[in-house]
Structure formats: structure tokens, C-alpha cells
Amino acid sequence: MRGIRGATTVTENTPEAIYKATIELFQAIVTENDLTPEAISSVLTSVTGDIDAAFPAKPIRELAGFQFVPIMGVMEIPVAGALAMCIRLMVNAEVGEVGQQDVAHIYLEGARVLRPDLAK
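Going along each chain's sequence as written, the residues are numbered from 1 onward. Given that the model is predicted, a residue must reach a pLDDT of at least 70 before its local features are reported, and side-chain atom pairs must reach 80 or more before they are shown or counted; all residues, however, enter totals for whole chains, interfaces and linings. In computing side-chain values, all of the structure's heavy atoms are included and hydrogens and water are not.

Trainee: Summarise the overall build of the chain; cite the residues concerned and give the values.
Mentor: In this description a helix means any DSSP run of H or I spanning at least four residues, a strand means any run of E spanning at least two, and both kinds are numbered starting from the N terminus. Looking only at helices and strands, the chain has two helices and five strands in total. For 120 residues, the compact-globule formula gives about 14 Å, and the C-alpha radius of gyration of the chain, at 14 Å, lands near that figure. Counting the 120 residues in the chain, one finds 41% classified as buried. Taking all contacts inside the chain whose residues are at least 6 apart in sequence as the whole, residues at least 24 apart take part in 85%. Each accessible area value is a Shrake-Rupley result obtained with a 1.4 Å probe; residue values ignore everything except the protein chains displayed when judging cover. Here the chain displays about 6,800 Å² of accessible surface, and carbon together with sulfur accounts for 56% of that area. Radius of gyration here is computed from C-alpha atoms only, and the compact-globule reference equals 2.2 Å multiplied by the residue count raised to the power 0.38. Note on exposure labels: buried denotes an accessible area under 20% of the residue type's maximum, exposed denotes more than 50%, and partly exposed covers the range between, all computed with a 1.4 Å probe on protein chains only. Contact criterion: two residues are considered in contact whenever any of their non-hydrogen atoms come within 4.5 Å of each other.

Here is the structure:
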């Protein structure tokens with residue numbers, strides 16, 4: 001079992017932008033880590049306080065095969081100077097014998113600055 005991190009940013013607080021960015025990030029995590037819906041035990045989504053037009057969990061639940069994956073959403077701690085308009089995912093999944101250093105964490109758009117050492 002491994003925790004797979006990812007983050008992205010949006011340029012506008014609209015359902016369309018939130019859903020599009022979330023799906024792009026989630027699908028990249030799934031693809032890069034060769035995950036199936038059955039391998040995923042849970043997904044935690046978080047958003048910064050400036051994102052409140054939609055729940056990032058919604059488009060993940062609507063993907064074929066992922067409707068039974070438990071997903072929870074939370075709000076990030078409002079730290080001064082933190083990256084704005086940011087959506088984060090923590091996907092907990094069975095990845096076989098993959099070591100922690102070999103998990104593909106995905107950082108897209110403006111979120112690449114969060115972990116340049118892990119960004120692909």
C-alpha cells in the first residue's frame with residue numbers, strides 16, 4: 001500500500017475548471033502508477049480556500065469503474081503565502097512491490113513548484 005500524491009492549479013473558480021483539472025490529475029496518477037479501480041483503497045482531495053465552486057471528488061466518482069472508491073474532500077490550512085487555487089490528491093493504493101522512491105507523484109500546472117524534486 002502506498003500513498004500517491006499529486007497537485008494541480010486552476011486559473012478560475014468554476015465547476016468546469018475544477019472538474020477538468022481534477023480529472024487530468026487523477027488520470028495521470030492512475031496511468032503513471034498503472035492503477036486499477038480495485039487497487040485504490042481511498043482518495044483524499046483538498047482545495048485551497050479560494051476554490052469553492054465545486055467538489056473535486058465529483059468527477060472522480062463519475063469515471064467508469066471508480067464509483068465505489070471512497071473519496072473525501074477537505075480544505076487546506078490557510079497558510080500565508082501558500083500556493084493559491086490549488087487542488088491536491090492523495091491516492092492510497094496497492095502498488096505491489098513498488099518502493100516508495102519509485103511511486104510516480106504527479107504535479108501539474110502551477111503546482112510543480114510544490115515538489116520540483118518529485119514533479120515528472
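Continuing now.
Trainee: Give me the nonpolar core: which residues, what numbers.
Mentor: Residues I4, F26, I29, L35, I40, V43 and V91 are the most contacted members of the largest nonpolar core, which totals 23 residues. For this core, the secondary structure elements donating two or more residues are α1 (15-32), β2 (40-47), α2 (57-61) and β4 (86-93). Broken down by element, the residue count for this core peaks at five residues, all from α1. V43 has contacts with F26, I60, V69, P70, I71, M72, L89, M90 and V91, leaving out every residue within four places of it along the chain. Working definition of a nonpolar core: buried Ala, Val, Leu, Ile, Met, Phe, Trp, Tyr and Cys residues. They are joined through side-chain atoms within 4.5 Å. One finds A17, V47, I51 and I87 within the second-largest nonpolar core, a separate group that totals nine residues.

Trainee: Explain unusual backbone geometry residue by residue, including any values.
Mentor: Notably, M85 is not glycine yet its phi reads approximately 50 degrees, a positive angle. Inspection of the secondary structure assignment puts M85 in the loop between β3 (71-75) and β4. At E109, a residue that is not glycine, the phi angle is positive and equals roughly 50 degrees. Mapped onto the elements of the fold, E109 is located in the segment after β5 (106-107). With relative accessibility at 44%, the residue E109 sits in the partly exposed group.

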